[in-house]
Amino acid sequence: MPRTLPRPLPRTAREIRLAEVPSGLPGPEHLTVAEVPLPVPGAGEVLVRNRWFQVFPSLRTLIAGGVPGTPFPPLRPGDALFGPAVGEVVTAPFVKGTDDGGLRPGDLVAHFQGWREYAVVPVSAPLGDALPDPAAHLASGATAYAALTRIARLRAGETVLVTGGAGGVGSLTGQIARLLGAARVIGTTGSPAKAARMTAELGYDAVVLRDGSPIGGRLAEAAPGGVDVVVDTVGGEQLQAAVAAARPGARIVVVGTLATQLSAASGGTTAPVELDAFQLIARNITLRGLTGVGDEIHAEWTERFGAWLRSGAVVFPHTRITGIEHAPRALRELFEGRHMGTVVVEV
């Protein structure tokens, strides 16, 4: 039988559902806060009360119908939204012959059932104290770390370009690249205020501002000798400019498509880019996509991230918005580019 925390459990809980599929960017008017019966865990499951969950731009793609071959299902009207979350165990299974079956009420676990107050999730290892701030488990740094260490294999002394350098992935990529020995780190953003923070706080030597005109010339000024490694979170024109600036033997890792996901004019499920294949061949440029990070890399990242956070070598740029009822507004603000780094809702 389950063991519960002393406080009584509610009969119902709130979750954010998709009310209708928008023709452009989703906003509060396309979502609804629903009250549902408290979920009941089955065998091998625990009930958690979510403490924090991440608001992430790929929800645009899922709401627009998803992309075949990717691991996440599309969202339909009436579905609850989902995404990375950290929850506190409320009821844990009792296993005969053991003290607690591996989890205790009060333990924190990571899962993918965000956008709701309570969730039923499979039994997993507790998060422990690897990170000084449990909400930092929602950081997207594992993607940046894998891109730099496993795919691009960044070498000391190289020049790194990060498109979308103020976003959830980009705000950590510049810092990681610096710690891994990059000689020069360049980022892009559309906000002068974010650009100032990128150079002051996030390890960037230079920032190329988007102002509606082609960025290729400004990128060439920021990196006159070219770039060795690119972590691209944007796609579109910025990926084109990155290829043009790439040195012989450069490695480009594509981890996002913000150019289309944040555009009301785009359908949100495709991200076409025209590249000059002659240049890829002539300069022996490697271009590779990255989706998902394995458990081994994720564990390695978490250990290093925790040490870097405690030493002050890295910061976790994020915005916390309190209250699940404000999550729809947080999604709209994410698409409007109002926040820097990761957007977290504190439930």
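Description of the structure in this document.

Thresholds, definitions, all that
Residues numbered from 1 in each chain as written. Predicted model: local features only at pLDDT ≥ 70, side-chain atom pairs only at ≥ 80, totals over all residues. Heavy atoms only, no water. 1 Å grid on protein atoms, 1.4 Å probe; cavity = no way out; pocket = protein on both sides within 12 Å on 5 of 7 lines; lining within 4 Å. Points joined across faces, edges and corners; volume = space filled by probe spheres on them. Helix = DSSP H or I, 4+ residues; strand = E, 2+ residues; numbered from the N terminus. Nonpolar A, V, L, I, M, F, W, Y, C, P; charged D, E, K, R; others polar. Buried < 20%, exposed > 50% of the residue type's maximum accessible area, 1.4 Å probe, protein only. Contact = heavy atoms within 4.5 Å. Core = buried A, V, L, I, M, F, W, Y, C linked by side-chain atoms within 4.5 Å. Pairing = 2+ DSSP bridges. Axes fitted to C-alpha atoms, helices over the stretch in contact; angles between N-to-C directions.

**Brief notes about empty space enclosed by the protein**
With a probe scaled to a water molecule rolled over the atoms, the places where space remains empty come into view.
And then number 1: In this structure the tally under the stated criterion is one cavity of 30 Å³ or more.
And then number 2: By volume, the largest cavity is sized at about 50 Å³.
And then number 3: Residue contributions to the lining of the largest cavity peak at four residues, all from helix H9 (residues 295-311).
And then number 4: Here the residues of the lining of the largest cavity sort into six nonpolar, three polar and no charged.

**Focus on the environment of Gly-236**
And then number 1: Structurally, Gly-236 is set in helix H6 (residues 236-245).
And then number 2: Assessed through its relative accessible area of 19%, Gly-236 is described here as buried.
And then number 3: Taking the C-alpha atoms as reference, Gly-236 lies 8.7 Å from Leu-258; in sequence the two are 22 residues apart.
And then number 4: Beyond its immediate chain neighbours, meaning those up to four positions away, Gly-236 contacts Ala-259 and Val-273.

**Description of helix H3 (residues 170-179)**
And then number 1: Of all the ten residues making up H3, eight are buried; the element is thus mostly covered by neighbouring parts of the structure.
And then number 2: Restricting attention to buried positions, one finds in H3 the residues Gly-170, Ser-171, Leu-172, Thr-173, Gly-174, Gln-175, Ile-176 and Ala-177.
And then number 3: If you follow the buried residues of H3, they end up packed against helix H2 (141-151), strand E8 (159-163), strand E9 (184-189), helix H4 (192-201), strand E11 (227-232) and H9.
And then number 4: Just downstream of H3, Gly-181 is the residue with a positive phi angle, here 105 degrees.

**What to know about the nonpolar core**
And then number 1: The biggest cluster of nonpolar side chains holds 36 residues, and the ones touching the most others in it are Leu-148, Val-160, Ile-176 and Phe-305.
And then number 2: Looking at this core, the elements with two or more residues in it are H2, E8, H3, E11 and H9.
And then number 3: Per-element tally for this core: the top contributor is H2, with seven residues.
And then number 4: Counting residues in each nonpolar core, the second largest holds 23 residues, with Leu-18, Leu-59, Ile-324 and Val-343 among its members.

**Some words on the sheet that holds strand E13 (residues 286-289)**
And then number 1: Spatially, E10-E9-E8-E11-E12-E13 is the arrangement adopted by the six strands of the open sheet, whose pairing is parallel. Either end of the sheet is taken by a strand with one partner, and the two such strands are strand E10 (206-209) and E13. Neighbouring strand axes in the sheet, compared pairwise and without regard to direction, differ in orientation by 15 degrees on average.
And then number 2: Sheet topology places E9 next to E10; four bridges connect them, and they run parallel. In the strand pairing of E10, Thr-189 is matched with Leu-209.

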